[in-house]
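Close look at the chain arrangement
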Amino acid sequence: MPQDPMDFEWSYWIEWGRERILWLLAGHLLVSQVSRLLVEKYKPWCLMVYGMAACWLLLGIKGFAVILLHAAISFAVAQFQLSLLTWLCSLILLSTLRIPAVEETKRKWYDTENEYYLLLFTVSVRCLFCTSFSLEYCWHAPTQKSSHSFPWMLAYVFYYPTFHNGPLVNFDEFSKQMRRQEAFSVKTNLSILIVGIIRIFFWWCLAELMIHLMYIHALYSSALPLESASYWALGGLALAQVLFFYVKYLVLYGVPALLLRMDGLKPPALPCCVSLMHSFTKMWRSFDVGLHRFLVRYIYVPMGGSQSSLLGTLLSTALTFAFVSYWHGGQSYLWYWGALNWLGVIVENGTKRILSISVIHDLI
C-alpha cells in the first residue's frame, strides 16, 4: 500500500537515515564505545574528530566550513562577555540563512535540493548550540575558563548524535556530563542498546503504519474533504495529526537519545504523549524538553520571567515565542502560530493567578 507522501519531515529524515545518517551514527557509536573502553580521558576529542569528519563527508568541505565559521564568529564575539552582543551575533548568523543571494550560492554547492536542505537544517540547529556555548561563556567564572575553550566549543558543536536535528542539549549540561568519568560496563551498555533499538523499531513501525493507512496529511492538503467534513471529523483529524507528530518525534529524537545514553550522557526526556496534555504550558514543557530548557535558561529567565512584574512576564514570554517563530523560519504563519501559543500560555497563567486568590478559591 502506498504511503502518504505529504509529510515532508518524516519522508526526508527517513530517506537520509537509510542512505547515510544511520551508518554515520553507527560509526559514532563504535568510536564512542572504543574510546570509553580504552581512552576515557580523551573521549570528547575522539568524538569531536569523528563529528567533524562526518560533517565533512555529508555536507562537503564548504558545508563544513560554514559551520566552523559560525562557531569561530560566535566564539570571537563571546570574548567580550556581553550577553546582548552574543544574542545580536546569533540572530545575525541565523538571518544569513534567509538571504536569497546566500541561499542561491549554497544551493549551487550541491546536486540536489535535499543536500541543500540538510545543510540548512544542520546550520539552524548549530546556531542554537553556538548560542548556548557563547552565553555560558559570558556567564562563566574565570576559574572555569579551561572548560569553556574553543576546543570544547567544537566538541559540543560537532557532537554527531544531535548534529542534524537535535534534540537540544545546553552546553552546561553537556560539558559537566562529558567531563565526568565513570565505570564502563560493556554488558550494561549492550542491554541499553538492545532495549533502545527494540523500542525505536516499535515506534518506527507504528509511524509507518499511520502514514500508510491514515493519509492525514494528504487530507489536510486538499480543501474539498475538509469543507465537507463534520466538526467531529475535523477534530479527529487534528488529533490524528498531533498523535502522528508525537510518534514521529519519538523516532527522530529517540535515536540520538539512545546514543547519548550509550555515551554516558543523560538526554532530554522524550516527548510526552499529546493525549495526556490539556494545556499550552504543559505542551511546551514536556514535548521538546531540550528546546524548552534552552528557552527558559537563555531567554525567559534573563528577561525576568515569572519573578518580574506582570508586564515583565508578558514581555519575556512574548520574546521567547518570537524567537521560536523566527528560528523555525519566520514565515507569516509561524508568527500567527507563535502569537496564538503566547496567548494560550498567558490566558492559562492569568487564570491560575485569578483562581489562586483566596476569596475566589474559597468561593469555588
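Parameters and conventions
Residues numbered from 1 in each chain as written. Predicted model: local features only at pLDDT ≥ 70, side-chain atom pairs only at ≥ 80, totals over all residues. Heavy atoms only, no water. Axes fitted to C-alpha atoms, helices over the stretch in contact; angles between N-to-C directions. Helix = DSSP H or I, 4+ residues; strand = E, 2+ residues; numbered from the N terminus. Parallel < 35°, antiparallel > 145°, perpendicular 65-115°, else oblique. Left-handed = near helix turned anticlockwise from the far one by under 90°. Contact = heavy atoms within 4.5 Å. Nonpolar A, V, L, I, M, F, W, Y, C, P; charged D, E, K, R; others polar. Salt bridge = Lys/Arg side-chain N within 4 Å of Asp/Glu carboxyl O. Buried < 20%, exposed > 50% of the residue type's maximum accessible area, 1.4 Å probe, protein only. Domains from an automatic or database assignment. Buried area = accessible area lost by both parts, 1.4 Å probe.

The geometry of helix 4 (residues 100-107) relative to helix 5 (residues 113-139) is characterised by a closest axis approach of 9 Å and an angle of 125° between their N-to-C directions. In terms of orientation, helix 4 lies oblique with respect to helix 5. When the axes of helix 4 and helix 5 are compared, the crossing they make is right-handed. Taking contact as the criterion, the partners of Glu 103, Lys 106 and Arg 107 in helix 4 are, on helix 5, Glu 113, Tyr 116, Tyr 117 and Leu 119. In terms of residue class, the contact of helix 4 with helix 5 is built from 3 nonpolar, no polar and 4 charged.

Moving on: the pattern of salt bridges. Summed over all chains, the structure comprises 9 salt bridges. Across the salt bridge formed by Arg 107 and Glu 104, the nearest N and O atoms sit 3.8 Å from each other. Residue Arg 107 and its partner Glu 104 are located together in helix 4, separated by 3 residues, close to a single helical turn. One salt bridge connects Asp 172 with Arg 297, and the closest N-O pair in it is separated by 3.8 Å. Residue Asp 172 is found in helix 7 (residues 171-179), and its partner Arg 297 is found in helix 13 (residues 289-300); the two are separated by 125 residues along the sequence. Using a relative accessible area of 15% as the deciding quantity, one classes Asp 172 as buried. Via salt bridges that share partners, Asp 7, Glu 9 and Lys 248 belong to a single interconnected network.

Turning our attention to the domain arrangement of the chain. When its domains are assigned, the chain resolves into domain 1 (8-179) and domain 2 (269-363). Of the residues lining the interface, 18 residues belong to domain 1; the matching set on domain 2 comes to 14 residues. Between domain 1 and domain 2, a total of about 1400 Å² is buried, with carbon and sulfur atoms accounting for 63% of that surface. Interface area lost by domain 1 to domain 2 is led by Trp 87, Arg 98 and Leu 128, which between them contribute 35%. Salt-bridge contacts for Arg 297 lead to Glu 136; the nearest nitrogen and oxygen are separated by 2.6 Å.

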